[in-house]
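Notes for the structure review
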Amino acid sequence: MASPMNAKTIVILATLDTKGREAEYLREQIQKCGCQSLLLDTGVIGIPAARADISRAEVAEAGGIPLAGILEHPTRDVAAPVMAAGATRIVSRLVSEGKVHGVVSMGGTQGTTLSTKVMRSLPYGFPKVMVSTMASGNVAPWVDIKDITMMFSVTDILGLNPVSRKILANAAGAVCGMAQVEVQLERGGKPLIAATTVGITTRGVMKAVEVLEAAGYETIVFHAVGSGGRAMEEMMKEGIIGAVLDYSTIEVSNEMFRALLAGGPERLTTAGKLNIPQVLCPGAIEVMVFNEPETIPERFRARTMIRHSPQITDVRLNREEMAEVGREVARRLRYTAGDAVFLIPATGYDSYDVAGQDFYDPEADDAFVRELKAGLPPNIRLVERGTHIEDPVFAEEAARLLISLIEARHEKEARTSG
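This section reports on the structure supplied with the text. The structure displayed is predicted, hence computed values, not measured ones.

**Side note on the overall build of the protein**
Counting secondary structure elements, the protein contains 14 helices and 14 strands. Taking the principal axes of the C-alpha coordinates as reference, the protein spans close to 70 × 60 × 40 Å. Across the 418 residues in the protein, those meeting the buried criterion constitute 50%. Look at the contacts in the protein between residues 6 or more apart in sequence, and 72% of them connect residues 24 or more apart. Accessible surface computed for the protein: about 18800 Å², of which carbon and sulfur atoms make up 53%.

**Quick look at the sheet that holds strand β11 (residues 305-309)**
Pairing is antiparallel across the open sheet formed by three strands, whose spatial order is β10-β12-β11. Each edge of the sheet is formed by a strand with only one pairing partner; in this case those strands are β10 (287-290) and β11. Shown here is a sheet whose adjacent strand axes are inclined to one another by a mean of 30°, direction ignored. By the bridge criterion, four bridges tie β11 to strand β12 (residues 312-316) in an arrangement that is antiparallel.

**With respect to unusual backbone geometry**
Of note in the backbone geometry, Val154 takes a positive phi value of approximately 65° without being a glycine. Mapping Val154 onto the fold places it in the loop between β5 (149-152) and α7 (162-180). Positioned with a positive phi, Ala284 is a non-glycine residue whose angle comes to about 60°. The exposure class of Ala284 is buried, given its relative accessible area of 0%.

**Description of the nonpolar core**
Ranked by size, the top nonpolar core spans 31 residues in total, and within it Leu40 and Val91 carry the most contacts. Within the residue set of this core, elements represented by two or more residues are β1 (9-14), α2 (56-62), α3 (67-72), α4 (76-96), α5 (109-120) and α6 (140-143). At nine residues, α4 tops the list of elements feeding residues into this core. In this view, Val91 contacts Val11, Leu13, Leu40, Val118 and Leu122; residues no more than four positions away in its chain are not counted.

**Notes on the state of the cysteines**
Counting across every chain of the model gives zero disulfides. Free of any disulfide, Cys33 has its nearest cysteine sulfur in Cys176, 4.4 Å distant. In this model Cys176 remains outside any disulfide bridge; the closest cysteine sulfur is found in Cys35, 3.5 Å from its own.

**A short note on the sheet that holds strand β9 (residues 278-280)**
One open sheet accounts for six strands, arranged β7-β6-β8-β9-β13-β14; its pairing is parallel. In this open sheet, the two edge strands, each paired with only one partner strand, are β7 (219-223) and β14 (380-385). Averaged over all neighbouring strand pairs, the angle between strand axes comes to 20°, with direction disregarded. Across five bridges, the pairing between strand β6 (residues 193-197) and β7 is parallel. Considered in β7, the bridge of Thr197 is made with His223. With respect to the sheet, helix α13 (residues 362-375) is in contact with β13 (340-345) and β14, its orientation differing from that of β13 by roughly 165°.

**Regarding the packing of aromatic side chains**
Applying the stated rule across the entire model yields six aromatic pairs. Plain terms: the ring middles of Tyr247 and Phe394 are 6.2 Å apart, the flat faces sit at 70° to each other, and that makes the pair edge-to-face. Residue Tyr247 is located in the loop between β8 (243-246) and α10 (250-256), and its partner Phe394 is located in helix α14 (residues 392-417); the two are separated by 147 residues in the primary sequence. Across the pair, exposure class does not vary: Tyr247 and Phe394 are buried alike. Judged by centre distance (6.3 Å) and plane angle (35°), the rings of Phe290 and Phe300 are tilted. Here Phe300 lies in the loop between β10 and β11 and Phe290 lies in strand β10, a separation of 10 residues in the sequence.

**Digging into α5**
With 12 residues, α5 should reach 16 Å at 1.5 Å per residue; the first-to-last C-alpha distance of 16 Å fits that figure. Buried within α5 are the following residues: Thr112, Leu114, Ser115, Thr116, Val118 and Met119. Those residues of α5 that are buried lie in contact with β1, α4, β3 (102-107), β4 (128-132), α6 and β5.

**Details of the side chain of Glu22**
Residue placement: Glu22 occurs in helix α1 (residues 16-32). Buried within the structure, Glu22 lacks any salt-bridge partner; Arg21 is the closest side chain of opposite charge, at an N-O distance of 6.0 Å. Leaving out residues up to four positions away in the same chain, Glu22 has contacts with Met106, Ile157, Leu158, Gly159, Leu160 and Leu168.

**Observations concerning the pattern of salt bridges**
Counted by the stated rule, this structure contains 28 salt bridges. Put simply, Arg319 and Glu363 hold a salt bridge, and the shortest N to O gap is 3.5 Å. Note that Arg319 is positioned in helix α12 (residues 319-333) and Glu363 in helix α13, a separation of 44 residues in sequence. Arg319 gets classed as partly exposed once you look at its relative accessible area, which sits at 41%. One network of salt bridges, with partners in common, ties together Glu24, Arg27, Arg51 and Asp53.

Conventions adopted
- Residues numbered from 1 in each chain as written.
- Predicted model: local features only at pLDDT ≥ 70, side-chain atom pairs only at ≥ 80, totals over all residues.
- Heavy atoms only, no water.
- Helix = DSSP H or I, 4+ residues; strand = E, 2+ residues; numbered from the N terminus.
- Buried < 20%, exposed > 50% of the residue type's maximum accessible area, 1.4 Å probe, protein only.
- Contact = heavy atoms within 4.5 Å.
- Areas by Shrake-Rupley, 256 points an atom, 1.4 Å probe, with all protein chains shown as cover.
- Pairing = 2+ DSSP bridges.
- Axes fitted to C-alpha atoms, helices over the stretch in contact; angles between N-to-C directions.
- Core = buried A, V, L, I, M, F, W, Y, C linked by side-chain atoms within 4.5 Å.
- Disulfide = S-S within 2.5 Å.
- Phe/Tyr/Trp six-rings, centres within 6.5 Å; stacked < 30°, edge-to-face > 60°.
- Expected span 1.5 Å × (residues − 1).
- Lys, Arg positive; Asp, Glu negative; His and termini not counted.
- Salt bridge = Lys/Arg side-chain N within 4 Å of Asp/Glu carboxyl O.

Encoded structure:
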C-alpha cells in the first residue's frame, strides 16, 4: 500500500445529487487501495448527497456559465455541455500539472456521456475507468478512439447492494492499480514510427516493420478499420508518433463510399499538417468493406464480392470510382507541408488484387494512379514499382524510403540548430 506522502490521486466524476452514496463508497474503496481521491461534482439540480472536493459551482464556472445561470432554465440540454466542458477543463489542468493520476466514474446514459467526454480529452495511457449501465452493448460512442476501460455495472447505479458494492470496489481496484503501474508512455531518442495494416496487406507490413526495427526504430501498428487510423492521427497530435508508414490507406475510400472502415474527413491530412515524415501506399484502397451481403448498398450488389469472414464482405471499386479516390487522396495530401513519398505497387494493392484473383483490375488501379499523379503537390514524390504490395522487396523499399526521410529531417534540423 502506498504511503500518504506518495499516494496516487484518483478523480471521481459523479453527479452527487443522484450518485452521492455510491461516490462516497467509491471514495472509501480507493482509500483502502492506498490512493487518495478527489471528488468532482457534475450534478446540477438536486441537493448533493456527499461533500465534493470540487463543487458543481466551480465546474459550471469553468464551463463558461455560472451555476445560477444554468439553474434559471435547468434542462439537460443546457446543463450537460457546460458541466462536461467545465469538468474537462479542470481535470485536464490537474493532469497536466501532475496532481492526479487516474479518473473513475459511474453512470447511466447521461453520466456515461458526460464522463467519457471528459475521459476522451485525456492523454493516451492515463488511467480511465467508466462503470456504466451501457457497457454491455456497443460502447463505440463513448470510447471512440481513447483507451477508456468500460465496466458493466450489471445493476442500475441507484443505491448500494451486494452486487454494486463489489463492482464499485473492483472499479476502485482497477483504477488504483493502473495509476500505480510504473510503466510510462515514454518517447525514445528516435521517432516512434506508425504503420497501418489490414488483413490483406499484413505480410507487407510485417516485412516493413522488420526492416524499421532492424534499423533501430520502434514501431506501432494500427489496424486500419476506421478507428485505427483516427487513433494513429490523434497520437500524432499528442506528439507520440513522429513518422508514419501509411501502408494501408483503405480508410479514405471507405469514408468516401460510406463503407465500414471509414476513417473520417481528416484521415490522411494530419501527418502533412504536422510536417511528420511519411511514406504512403495504396494498401487495399480499392476495397469497400461491409458486413453481411444484405448490408451492401443496392448500387454495389452486382459487383464481385469476397467473403472475408462470416461477418465481413468486400466489394471492389470500379475504374470511375478509383479515379475519384485518386482525386480525393491528392486533395487531402495538399495539406502536406514537408517532403513525402507515395509508393505505388503496379501489380496489386493487397492479397485480393493479384493476377488471376477476383479483385484484379489493373485498368481501375491505373485510373487511380493517373488522377493521383495529376493532383499531388510537388513536394510529394510519386514512385511506381512493377511489383506487388506484399512483395518483400516492395515492403523493404517503403521502409527504407521512410528512414531516408527521417534521417534527412534530422540532418536538416542539426544544420539549423548548429
